[in-house]
Amino acid sequence: GKISITNPECDVTGSKGIAYFEKKLGIIEGDVTMLMKPKKDETQDKDSIKAKMSEPTTITCPKLEYLYSSKIATATGGVVFKQQKRSAKADKAVYDGKKELLTLTGNPVEGVDEDGQTFKAPKVVISLKNGDEWMEATGGFSGSFKVDLESEEEEN
């Protein structure tokens, strides 16, 4: 039957689930919806990648696997991320909680932010580690970015 898992940082629902205790692996399948509710860190720059990723995010996919001893979550089958006015989609998403790395792969991975800026790439890796935040796209990248020319002129 339907499964629901709730904790202070994440709520997950799906059609069915199974746990392999010896492997320390949990799998949820069928209309998986995960609401990430990360803790806010008031000390970080509000425009940083980590600050933007610390907003509540809804992730949907057909299958989610979680190796809880190594803190690695893998979502497959078409993964959609929605966060306020930002969204992204990928064929597969792997989050390594110990390294704080999110790896998205797809044909292609696509995203759009609140300003309408877009990106497309076969692979995107995002570091969410405090003080070492970065985003890297490999395998060919395309995107659209908005530049405020008035701000540029004021700075010059």
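All of these numbers come straight from a predicted model, not from anything done at the bench.

Scanning the chain for helices and strands turns up two helices and 11 strands. Secondary structure of the chain in N-to-C order comes out as β-β-β-β-α-β-β-β-β-β-β-β-α. In the chain, the share of contacts with a sequence separation of at least 24, taken over all contacts with a separation of at least 6, comes to 39%. Counting every atom, the chain has about 10100 Å² of accessible surface; 52% of that belongs to carbon and sulfur.

It is worth spelling out the nonpolar core at this point. Within the largest apolar cluster, 23 residues are counted, with the highest numbers of intra-cluster contacts made by Val12, Leu64, Val79, Phe81, Ala93, Leu104 and Val124. Listing elements by their share of this core, those giving two or more residues are strand S2 (10-14), strand S4 (25-36), strand S5 (57-67), strand S6 (72-83), strand S7 (86-96), strand S8 (101-112) and strand S9 (118-129). In terms of residue count, S9 provides more of this core than any other element does, five residues in total. Setting aside its immediate chain neighbours within four residues, Val79 contacts Ile59, Thr60, Cys61, Ala88, Lys89, Ala90, Asp91, Lys92 and Ala93.

The next subject is the packing of aromatic side chains. Summed over the entire model, instances satisfying the criterion amount to one aromatic pair. On the numbers, 6.2 Å between centres and 25° between planes, the contact of Phe141 with Phe145 is stacked. Here Phe141 falls in the partly exposed class, since its relative accessible area comes to 41%. Seen from the ring of Tyr20, Lys23 lies directly overhead, with NZ or CZ sitting 5.4 Å from the centre.

On to a nonpolar patch on the surface. Taken together, the side chains of Phe21, Tyr66 and Tyr68 make up a nonpolar region of the molecular surface, amounting to roughly 340 Å² of accessible area. Tracing the backbone shows Tyr66 in strand S5.

Within the structure shown, the criterion is met by five salt bridges. For Arg86, the salt bridge identified is with Glu114, shortest N-O distance 2.9 Å. Placement of Arg86 in strand S7 and of Glu114 in the loop between S8 and S9 is noted, with a sequence separation of 28 residues between them. Look at Arg86 and you get buried, because its relative accessible area is 18%.

Two elements, S2 and S4, share four bridges in a ladder whose sense is antiparallel. Bridge pairing in S4 links Asp11 to Leu35. Two successive antiparallel strands, strand S3 (residues 16-20) and S4, enclose a turn made up of four residues, where Lys24 displays a positive phi of approximately 55°. Of the pairings in the sheet, the one linking S4 to S5 comprises 10 bridges and is antiparallel in character. Bridge pairing in S5 links Met36 to Thr57.

A few words on the environment of Val79. Position of Val79 among the secondary structure elements: in strand S6. Overall, Val79 belongs to the buried group, its relative accessible area being 1%. Remark: the alpha-carbon pair of Val79 and Val109, spanning 30 residues in sequence, is separated by 9.6 Å.

Let's shift gears to the pairing of S6. Pairing geometry for S5 and S6, over eight bridges, is antiparallel. For Tyr66, the partnering residue across the bridge sits in S6 and is Ala73. Once S5 ends, the chain turns through four residues before running back antiparallel as S6, passing Lys71 with a positive phi of about 60°. Looking at chain direction, S6 and S7 are connected through 10 bridges and run antiparallel.

Conventions we followed
Residues numbered from 1 in each chain as written. Predicted model: local features only at pLDDT ≥ 70, side-chain atom pairs only at ≥ 80, totals over all residues. Heavy atoms only, no water. Helix = DSSP H or I, 4+ residues; strand = E, 2+ residues; numbered from the N terminus. Contact = heavy atoms within 4.5 Å. Areas by Shrake-Rupley, 256 points an atom, 1.4 Å probe, with all protein chains shown as cover. Core = buried A, V, L, I, M, F, W, Y, C linked by side-chain atoms within 4.5 Å. Buried < 20%, exposed > 50% of the residue type's maximum accessible area, 1.4 Å probe, protein only. Phe/Tyr/Trp six-rings, centres within 6.5 Å; stacked < 30°, edge-to-face > 60°. Lys NZ or Arg CZ within 6 Å of the ring centre and 35° of its normal. Patch = residues over 30% accessible without salt bridge, like charges linked within 9 Å, V, L, I, M, F, W, Y side chains within 5 Å. Salt bridge = Lys/Arg side-chain N within 4 Å of Asp/Glu carboxyl O. Pairing = 2+ DSSP bridges.

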